[in-house]
Amino acid sequence: MSELLSNKEAATQAVVDFMTKKSKNKSKFYFNDFQDIFPDDKLRDIKKVVNKMVTDGVLEYWSSGSTTMYGLKGGGKQHGSEGEA
Amino acid sequence: MAKHETPLLDQLESGPWPSFVSDLKQQAEVRAKNEAGVEFQIPQDAVEDLLGVLELSFKHGRTHWKHGGIVGVFGYGGGVIGRYCDQPKLFPGVEHFHTMRVAQPCGKYYKTDYLRQLTKIWDMRGSGITNMHGATGDIILLGTTTPQIEEIFYELTHNMNQDLGGSGSNLRTPADCLGSSRCQYACYDSNALCHFLTNNYQDELHRPAFPYKFKFKFDACPNGCVASIARSDMSFIGTWRDAIKIDQDAVNKYVENDAAYPANAGAHKGKDWGPFDIEKEVVELCPTKCMKFENKTLKIDNSNCTRCMHCINTMPRALRIGDDRGCSILVGAKAPIVDGAQMGSLLVPFIEVNAENDYEAITEVIENVWDWWMEEGKNRERLGELIMRQGFQKLLEVTGIEAQPQHVAYPRTNPYIFWKEDEVTGGWERDVVEYRKHHLR
C-alpha cells in the first residue's frame, strides 16, 4: 500500500481535493476514478480506504440500482431534495 | 371504488394468464380494508397510487420513475435501490418507493414461519408487494420510504438472522439449485458452496468497488436448473471426470418396457408416447454419438461424452453420474446491453469442490478474475465484455490456466490458436539455410 493511501488523513484530503476540483462538472464518481489519486495501489486496497470514508461520513454512495457511484457527502443532488427528511 | 381509473391496465387482466394488475388491485383492497389492523408506516394507498402512476406511464408511453439515489443502510453500499416518482402531487403514496433486496436462503428453502415473519414486517413497513424472486434470484421487496429502511434492516437482521442482498456495482446475491440436498444428479453440494462464498465475500456483496454488477450462480449438475450458464458472470456447473455408471440389467428393463422403469422417470406419463425405444430416444439423440446398444449391452465412449445429461435423465435408474465429481467454471454470461447476450465460456473444465480446504482452488480462480476485471474493466463493462475486448487468451494468462481443447468451441473443425514466442520451441527465429536444405524455393 502506498504511503499516501496508508495515511488516513492524507488519503481523505486527497480524495476530497480531487472531487472538489472536479465538482463543477460532476458530483458523482465511478470507483475506478480513485485509481487516478492512488495510481500505485491495488484496487482492493483502495476499496477498503474509500469505503471507510463512507462510514466516516466523508463520502456517500449513489446508485442507479445497477451501478454505484461515489460523491462527497452532501454534494450534488440529495434525496432531501426529493421531499424526504 | 378504485382511487384511479385504470382502463389500460384493466386490459392486461383480460388475457388467459395470471396478471400482476389483478395482484396489485387485490393488495390495494387488502390495505384499504386493513382487516388485520396493521399499523401502516408508509401511505395506506401506496398500491393504489402505484396503479395510478403505471396507468399514466402507459398513457404517456414513458416512465414516471426517476433514476436511482439512496443505496443502503449504514455500512452497506447495496441492497436498497432508491426510487422516486416524478408526479408526487398526483401520486403521493409512491413519492418515495424504494426497493429492498433480501438474500434468499440457499436452495430457496423456506419455512412458512419465515415467510409469515417477512410479510408481516413488509406489510407494516412497506407496500406489502414482493417479487419472489427477482431475476438475480433474491427476495425483492418493492416500495418503502427512507425512514423505514433502517427499521426493516434491524428487524431482518436481529429477529430473522437475515441479510440484505446485493445491488449496484457489487457482487450480487449468489443463487443456487437444490443440489445434493434433494437431487441425485448433484455433482457437488451447491448449497454449501453458495453459502460459503456468500459469507466469504461479504465485503464484495455490501461494499461496491467493481466496474459493474457481478453474479455467481451454482448448478450442481449440467441439467442447469438455475441456468447459471446464461444468468451469471461466473457459473459453477457440476460435472464428473470418470465414466457414467451403467447398470446393464436396469438398461434392459427400460428396453423391455418394464412398468417399474418408466422413461424420463415417468415425467411424460400424461400422454401415450408409445413403447420406449432406446435407439430413438437415447442413442440417436446423443450429441456426440458416443453411445451404442448392442447385444443387450449399452456402451459409452466416455472420452467423447460432453455431459449433456440426456441419457441419464431418460434412464435414471440405469445410468448415474460418475464418482470423480467436481465442477466446471464458466465466465462471461450476460444480458444484452453493450454487446449482445452471451452465454458463459468454459474457463476451467474441472475443478475440485472441497469444503475441507475452504474451496481454495475455486476462490483462487475467482480472485484472479476479479483482480483483472477491476484493473482493466471499463466503467459499466461486464466481465463478458472485457473478455470480448481483450480476448479469452488474456483471461487464461491472468488466471494462469493453460489453453486446453475444451476452451475451443469447435476443436475438430477450428483448432486455430495464437501462440506466443516463448510458448514455441526455438521462438520465432529460424535457420533459413537449414530450412532450404529440406524445402526448395
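From a predicted model like this one, the values you see are computed outputs, not experimental measurements.

(A) Just the sheet that holds strand β12 (residues 325-331) of chain B, in detail. Residue and element names in this part refer to chain B. Spatially, the five strands line up as an open sheet ordered β5-β6-β7-β12-β13, and their pairing is mixed. Of all the strands in the sheet, just β5 (175-176) and β13 (345-351) have a single pairing partner and so form its edges. Strand direction decides the pairing type here: strand β6 (residues 216-219) and strand β7 (residues 234-240), joined by four bridges, are parallel. Looking at β7, one finds that Lys 217 is bridged to Ser 235.

(B) Examining the sheet that holds strand β3 (residues 129-132) of chain B more closely. All names here are of chain B. What the four strands build is an open sheet, ordered β1-β2-β4-β3; its pairing is antiparallel. Sheet topology places β1 (80-81) and β3 at the edges, where each strand pairs with a single neighbour. Judged from the four bridges that link them, β3 and strand β4 (residues 139-142) form a sheet pairing that is antiparallel. Bridged to Met 132 within β4 is Ile 139.

(C) Geometry of the interface of chain A and chain B. Every contact between the two is made by 20 residues of chain A and, on the other side, 31 residues of chain B. Going through the elements one at a time, α4 (43-55) and β1 (59-63) of chain A are the ones with two or more residues in the side of chain A that touches chain B. If you tally residues by element for the side of chain A that touches chain B, the top one is α4(A), at five residues. A per-class count over the side of chain A that touches chain B returns six nonpolar, eleven polar and three charged.

(D) Focus on the environment of B:Ala186. Residues and elements named next belong to chain B. Structurally, Ala 186 is set in the loop between β5 and α6 (190-200). When the 21 C-beta atoms within 10 Å are taken as the criterion, Ala 186 is described as buried. C-alpha separation for the pair Ala 186 and Thr 239, spaced 53 residues apart in sequence, amounts to 8.5 Å. Contact partners of Ala 186, with chain neighbours within four places excluded, come to Gly 179, Ser 180, Ala 220, Cys 221 and Gly 238.

(E) Representation of the environment of B:Gly134 in the model. Residues and elements named next belong to chain B. Structurally, Gly 134 is set in the loop between β3 and β4. C-alpha separation for the pair Gly 134 and Arg 101, spaced 33 residues apart in sequence, amounts to 8.7 Å. Apart from residues lying up to four places away in sequence, Gly 134 is in contact with Arg 101 and Ile 140.

(F) Structural view of the packing of helix α4 (residues 112-125) of chain B against helix α5 (residues 146-160) of chain B. Residues and elements named next belong to chain B. Closest axis-to-axis distance for the α4/α5 pair is 11 Å, and the angle between their directions is 165°. Between α4 and α5, the crossing angle belongs to the class labelled roughly antiparallel. For the element pair α4 and α5, the recorded crossing hand is right-handed. Here Tyr 114, Gln 117, Ile 121 and Arg 125 of α4 lie close against α5, whose contacting residues are Gln 148, Glu 151, Ile 152, Glu 155, Asn 159 and Met 160.

Procedures and definitions
- Residues numbered from 1 in each chain as written.
- Chains lettered and ligands numbered in written order.
- Predicted model: local features only at pLDDT ≥ 70, side-chain atom pairs only at ≥ 80, totals over all residues.
- Pairing = 2+ DSSP bridges.
- Helix = DSSP H or I, 4+ residues; strand = E, 2+ residues; numbered from the N terminus.
- Contact = placed C-beta atoms within 7 Å.
- Nonpolar A, V, L, I, M, F, W, Y, C, P; charged D, E, K, R; others polar.
- Buried ≥ 20, exposed ≤ 12 C-beta atoms within 10 Å, placed from the backbone.
- Axes fitted to C-alpha atoms, helices over the stretch in contact; angles between N-to-C directions.
- Parallel < 35°, antiparallel > 145°, perpendicular 65-115°, else oblique.
- Left-handed = near helix turned anticlockwise from the far one by under 90°.

The values reported here are purely geometric and, on their own, carry no functional implication.
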